[in-house]
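# Observations on the three-dimensional arrangement
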Amino acid sequence: MKKAQLSTELLFLIGGLVIISLVLFFYAAKQINETHKIAKAEDAVSHLVEKVNELASLNTGTKDSIWIDIPSKVLEVRLSGKYISLVLLLGNGEQYIMTKETLTTLVGTVDFSMGLQQLYATKINDTTVKIGTEPMLLEITPQCVSESDAINRPPLVTVLGADLTPNSMPMALGSPLLEYSYETVATLFIPSESIYSTIGTSPAEISVSTPPDLQSNSLCFHIYPTDGSCSCLDGGDVSSGGDT
């Protein structure tokens with residue numbers, strides 16, 4: 001009787017040890033997988049930073065491609081100033097954010113998916129590297145034109161950007177601006193009278209559409225009534241009077 005009781009207790013003990021061993025095994029495997037995922041994400045960010053810094057030391061206009069391996073559960077890759085951040089979702093539901101600094105200002109977006117992928121980067125000036133292939137607008141000058149100037153002495157509007165092509169079509173309020181000229185991959189010239197004839201005195205977001213389906217960001221531009229003011233914000237203030 002005692003032997004049977006000891007055998008039963010021994011089986012329960014062995015069963016408990018097996019369950020505990022399995023729980024510890026799965027927990028250890030989960031931790032190892034999580035650690036591997038974090039290390040893989042950090043390697044991707046470090047490689048991207050390394051390539052951006054290398055590109056920043058080369059001539060303006062230089063392009064390069066960057067291969068990075070994105071692990072699963074990556075929520076976002078952010079570009080902010082000189083910093084690249086990768087947001088990773090951990091198994092416990094928390095977010096792990098790794099951030100690294102580059103030697104140059106970064107613009108553009110990283111459209112990512114899991115696995116090995118190729119990103120493209122361009123040095124667009126002495127202080128800035130752009131990530132991505134879509135057109136990007138950086139500056140529009142002048143940003144504000146009075147209606148009287150648009151009619152009597154219309155200035156040429158200069159749009160500075162990156163990855164523009166001869167087929168890049170400037171748009172205002174969803175309408176194409178048919179009169180414009182292209183210079184290199186960085187500049188478009190648009191007669192302000194062309195904008196005026198298309199949108200009048202309505203404030204507009206100027207953007208660029210490049211075939212087949214690339215769309216740029218937009219910049220504010222306003223031909224304002226002579227007795228009014230420009231509604232485009234510049235540093236949080238409303239510009240008014242004269243060209244700015």
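Heads up: the structure comes first, above all this text.
Residues numbered from 1 in each chain as written. Predicted model: local features only at pLDDT ≥ 70, side-chain atom pairs only at ≥ 80, totals over all residues. Heavy atoms only, no water.

Quick look at the pairing of strand β4 (residues 95–101) now. Pairing geometry for strand β3 (residues 83–89) and β4, over seven bridges, is antiparallel. Paired with L86 across the two strands is M98, which belongs to β4. Two successive antiparallel strands, β3 and β4, enclose a turn made up of five residues, where G93 displays a positive phi of approximately 90°. (Pairing = 2+ DSSP bridges. Helix = DSSP H or I, 4+ residues; strand = E, 2+ residues; numbered from the N terminus.)

Turning to the state of the cysteines, a few remarks are in order. All chains considered together, the criterion is met by two disulfides. Shown here is the disulfide that connects C144 with C230, its sulfur atoms set 2.0 Å apart. Looking down the S-S bond of the C144 and C230 bridge, the torsion is -60°, so its handedness is left-handed. Here C144, found in strand β9 (residues 144–146), pairs with C230, found in the loop between β17 (219–224) and β18 (233–234); they are 86 residues apart in sequence, far enough to count as distant. The two residues C144 and C230 agree in class, both being buried. Disulfide pairing places C220 opposite C232 at an S-S distance of 2.0 Å. One quick way to see it: the torsion about the S-S bond of C220 and C232 is about -85°, and its sign makes the bridge left-handed. In this pair, C220 is assigned in strand β17 and C232 in the loop between β17 and β18, connecting sequence segments twelve residues apart. Overall, the relative accessible area of 16% leaves C220 in the buried class. When the bonded cysteines of the protein chain are numbered from the N-terminus onward, they pair as 1-3, 2-4. (Disulfide = S-S within 2.5 Å. Buried < 20%, exposed > 50% of the residue type's maximum accessible area, 1.4 Å probe, protein only.)

Side chains that are nonpolar tend, in soluble globular proteins, to be buried together. In this structure, L48, I68, I84, L86, L88, V129 and I131 are the most contacted members of the largest nonpolar core, which totals 26 residues. Those elements that provide at least two residues to this core are α1 (2–56), β1 (63–70), β2 (74–80), β3, β6 (115–125) and β7 (128–131). With nine residues, α1 is the largest single contributor of residues to this core. Apart from the residues lying within four places of it in its own chain, the contact partners of L48 are I66, I68, I84 and L119. Core analysis: the next-biggest nonpolar cluster, separate from the first, contains 19 residues, I140, L177, L188 and L219 among them. (Core = buried A, V, L, I, M, F, W, Y, C linked by side-chain atoms within 4.5 Å. Contact = heavy atoms within 4.5 Å.)

Let's shift gears to the sheet that holds β6. Spatially, four strands are ordered β1-β6-β7-β5 in an open sheet, and the strand pairing comes out mixed. Looking at strand neighbours, the two that pair on one side only are β1 and β5 (105–108), the edges of this open sheet. Each strand axis lies, on average, 30° off the axis of its neighbour in the sheet, ignoring direction. Sheet analysis places β1 next to β6, joined by eight bridges and oriented antiparallel. When the bridges of β6 are listed, I68 appears paired with Q117. (Axes fitted to C-alpha atoms, helices over the stretch in contact; angles between N-to-C directions.)

Moving on to the environment of T128. Examined against the element boundaries, T128 turns out to sit in strand β7. As for T128 and A56, which are separated by 72 residues in sequence, their C-alpha atoms are 7.5 Å apart. Those residues in contact with T128 that lie beyond four places of it in its chain are T104, T105, V107, T122 and K123.

Turning our attention to the side chain of S146. Its location among the elements puts S146 in strand β9. By relative accessible area, which is 7% here, S146 ends up buried. Side-chain polar atoms of S146 contact the side chain of S148, separated by 3.2 Å. (Polar contact = N/O pair within 3.5 Å; in protein donor to acceptor, adjacent residues only side chain to side chain.)

These figures capture arrangement, not role.
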